[in-house]
Amino acid sequence: MKKSMVLCAGVCVALAFTSCKSQESAYKKMYDKAQAKHEQPAEQPVQEETPVVAPIVEKPATETTVVDNSDNVAVRSEDFTLVDGSGLNNFSVVVGSFSVKANAQGLQGQLKVAGKNAQIVYNSERNLYRVVAATFATKAEAAQSRDQLMGQYPGAWLLYKK
């Protein structure tokens, strides 16, 4: 019996050493492979960035609108339709904007009582009614009128029809 136990223990020890050795060698192989990858920089394909360029659209001079800004007065350009009033020139002084038409009409009435030729325009893109206190052919005249109206209407601004 002693002999068989010794033989069994010897076989177990031999198996243990061989299985550890095989695991050790597998770990060693993986370690060596990872080490080799780490030491050598990975080759990545070089991609050139292609710049995106918008095409140039040429317009004849007759289709281009130039608004003089030499006096550095801000002008908003919007597309709108005249709702109530006698007609607009190129530049208008807006003193109020409303989403409800009745509110715009109320301010228009106050301006008319004060002697102004107030008009209402509608911007469908923004769904707003703009109250115009005065309208002029030139930007300089509109800017001067806006400056006078700023005391009573501090948010007054210039509007140019697109």
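See the structure above.
Residues numbered from 1 in each chain as written. Predicted model: local features only at pLDDT ≥ 70, side-chain atom pairs only at ≥ 80, totals over all residues. Heavy atoms only, no water.

1. Focus on the packing of aromatic side chains
Taken as a whole and assessed by the stated rule, the structure comprises two aromatic pairs. Consider the rings of Phe91 and Tyr160, whose centres lie 5.1 Å apart with planes at 45°: the pair is tilted. In this pair, Phe91 sits in strand β3 (residues 91-98) while Tyr160 sits in strand β6 (residues 157-161), placing the two residues 69 residues apart along the sequence. With a relative accessible area of 7%, Phe91 lands in the buried category. Residue classification places Tyr160 among the buried residues on the basis of a relative accessible area of 15%. Ring geometry for Tyr122 and Tyr129: centres 4.6 Å apart, planes at 40°, overall tilted. When sorted by exposure, Tyr122 lands in the same class as Tyr129, which is buried. (Phe/Tyr/Trp six-rings, centres within 6.5 Å; stacked < 30°, edge-to-face > 60°. Helix = DSSP H or I, 4+ residues; strand = E, 2+ residues; numbered from the N terminus. Buried < 20%, exposed > 50% of the residue type's maximum accessible area, 1.4 Å probe, protein only.)

2. Regarding helix α2 (residues 101-113)
Since the α-helix advances by 3.6 residues per turn, residues separated by three or four positions end up pointing in the same direction. Helix length check: α2 (13 residues) gives 19 Å between terminal C-alpha atoms against 18 Å at 1.5 Å per residue, within 8%. Where α2 is buried, its residues touch β2 (81-84), β3, β4 (119-123) and β5 (128-136). Once α2 finishes, Gly115 follows within two positions and takes phi at roughly 95°, a positive value. (Expected span 1.5 Å × (residues − 1). Contact = heavy atoms within 4.5 Å.)

3. Observations concerning the nonpolar core
Val93, Val95, Leu111 and Tyr153 are the most contacted members of the largest nonpolar core, which has 20 residues in total. Those elements giving two or more residues to this core turn out to be β3, α2, β4, β5, α3 (139-149) and β6. Among all residues touching Tyr153, those that are not within four sequence positions of it are Val95, Leu107 and Leu111. Counting residues in hydrophobic clusters, the runner-up holds six residues, among them Phe80, Val94, Val121 and Val132. (Core = buried A, V, L, I, M, F, W, Y, C linked by side-chain atoms within 4.5 Å.)

4. So, the environment of Ser97
Tracing the sequence through the fold places Ser97 in strand β3. Distance from Ser97 to Tyr122, taken between C-alpha atoms, is 9.4 Å for residues 25 residues apart in sequence. Residues in contact with Ser97, not counting those within four places in the same chain, are Tyr129, Arg130 and Trp157. For Ser97, the side chain forms a polar contact with the side chain of Arg130, separated by 2.7 Å. (Polar contact = N/O pair within 3.5 Å; in protein donor to acceptor, adjacent residues only side chain to side chain.)

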